[in-house]
Amino acid sequence: MSIPSQERYVIPNLRNACRILKLLGDKPDGLKAADIGRALKIPVTTTLRIMTTLHLEGLVRKNGTHFELGPVLIQLGNASLAGTEIRTAALPVLEKLTGKTDETSHLAIPCDNRSLIVAVQDSPHPLRAASRPGFLAELHCSSTGKTLLAFLHFERIAEFYGPGTPRPTKRTPKTLTSLAEIKREAELTRKRGFSLDDEEFAPGIRCLAAPVYNSDGTVAAVIGITASTVRFTKERIPEMAAKVQACAAELSRHLGY
C-alpha cells in the first residue's frame, strides 16, 4: 500500500497527539498547552482535549502550567527496546567491540530526524560518557547521527538544515551548524566510511561510528564508540575506525547483507 493511499485512513487528532509527544520529547522543561498548539498549529481547544486525554492515560504529566512526557512512556520505551530484533543480534558484537577498544560501544537506529540509542556496552573505565538506551541524539553533532545523515538521509540534508528550518543547536564551539558545513561533513563521512564526532556533542568527548546494513542494502543501524579525548586521541582514529567498521560489517552479515 502506498503512502498516499494510507493517508485516507489517518485519524487527524491521533496524529496530532503523536506530534505533541514528539514535540515534548525535545522540551525537557515541558510546554504550556497554548505553546504546544501554537508550535504545531493546532486549535487551543483541540490541544487541551488531547492533553487531557494523554494526561489521563499517563502519557504526559502536568507540572504546574506545563506538560511533560509521562511515566507510562518509560515502560513502553523499555518494552520497545527489549523487543528490537537488531538489538538482540548486536549485543555480542558490542561486547566484542568494547573488548577490542576498551571503550563504551553503542548501537543506534533511525528515529524520524534523530538517532535513537538502543543498546550500550559500558567500558570498564570508571569515567563513562556514553548516552543511555532510549536517548535521542541530534543528527548534525553525534557520530551515530552523522552516519545516518551520510548513508541514509544524504538526499534530505537540505530538508533538515536548509533555508526555513530551525538552526541546529551549537552544543560546543566545534559543532557544525550551517548547511554547507553539515553537507561537507556528510560527504567526508561517505568517502571514508565512518563518522567522527570530534568534541561536537560534548567537550572532551570523541565518538566514532559506522553504518550497519540490512539484507536489502539500506542502513538499518549504526555502531559506534564513545570515549574521553584523553584516551581516544586523534592518533588512534585509524585504529578505532578499523575496529568499529569491522564490527559494523559483522553485524551487517548477521542481518543478511
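Residues numbered from 1 in each chain as written. Predicted model: local features only at pLDDT ≥ 70, side-chain atom pairs only at ≥ 80, totals over all residues. Heavy atoms only, no water.

Undergrad: How would you explain the overall build of the protein chain if you had to name every residue and give the values?
TA: Broken down by element type, the protein chain carries 10 helices and eight strands. Here the C-alpha atoms of the protein chain give a radius of gyration of 19 Å, agreeing with the 18 Å that 2.2 N^0.38 yields for 257 residues. Expressed as lengths along the three principal axes of its C-alpha atoms, the size of the protein chain is roughly 55 × 45 × 35 Å. Of all 257 residues assigned to the protein chain, the portion counted as buried reaches 45%. Carbon and sulfur atoms make up 56% of the accessible area of the protein chain, which totals about 13,600 Å². When the 34 basic and 26 acidic side-chain charges of the protein chain are each reduced to a single mean position, those positions are 4 Å apart. (Helix = DSSP H or I, 4+ residues; strand = E, 2+ residues; numbered from the N terminus. Rg over C-alpha atoms; globule rule 2.2 N^0.38 Å. Buried < 20%, exposed > 50% of the residue type's maximum accessible area, 1.4 Å probe, protein only. Areas by Shrake-Rupley, 256 points an atom, 1.4 Å probe, with all protein chains shown as cover. Lys, Arg positive; Asp, Glu negative; His and termini not counted. Charge placed at Lys NZ, Arg CZ, Asp CG, Glu CD.)

Undergrad: Break down the packing of aromatic side chains for me, citing the residues and quoting the values.
TA: Tallied over the full model, the rule gives three aromatic pairs. On the numbers, 6.0 Å between centres and 90° between planes, the contact of Phe135 with Phe201 is edge-to-face. Here Phe201 lies in the loop between strand S6 (195-198) and strand S7 (205-213) and Phe135 lies in the loop between strand S4 (114-121) and strand S5 (136-138), a separation of 66 residues in the sequence. Of the residues examined, Phe135 reaches a relative accessible area of 30% and is grouped as partly exposed. Consider the rings of Tyr213 and Tyr257, whose centres lie 4.9 Å apart with planes at 25°: the pair is stacked. Taken as a pair, Tyr213 in strand S7 and Tyr257 in the segment after helix H10 (237-254) lie far apart in primary sequence, 44 residues in all. (Phe/Tyr/Trp six-rings, centres within 6.5 Å; stacked < 30°, edge-to-face > 60°.)

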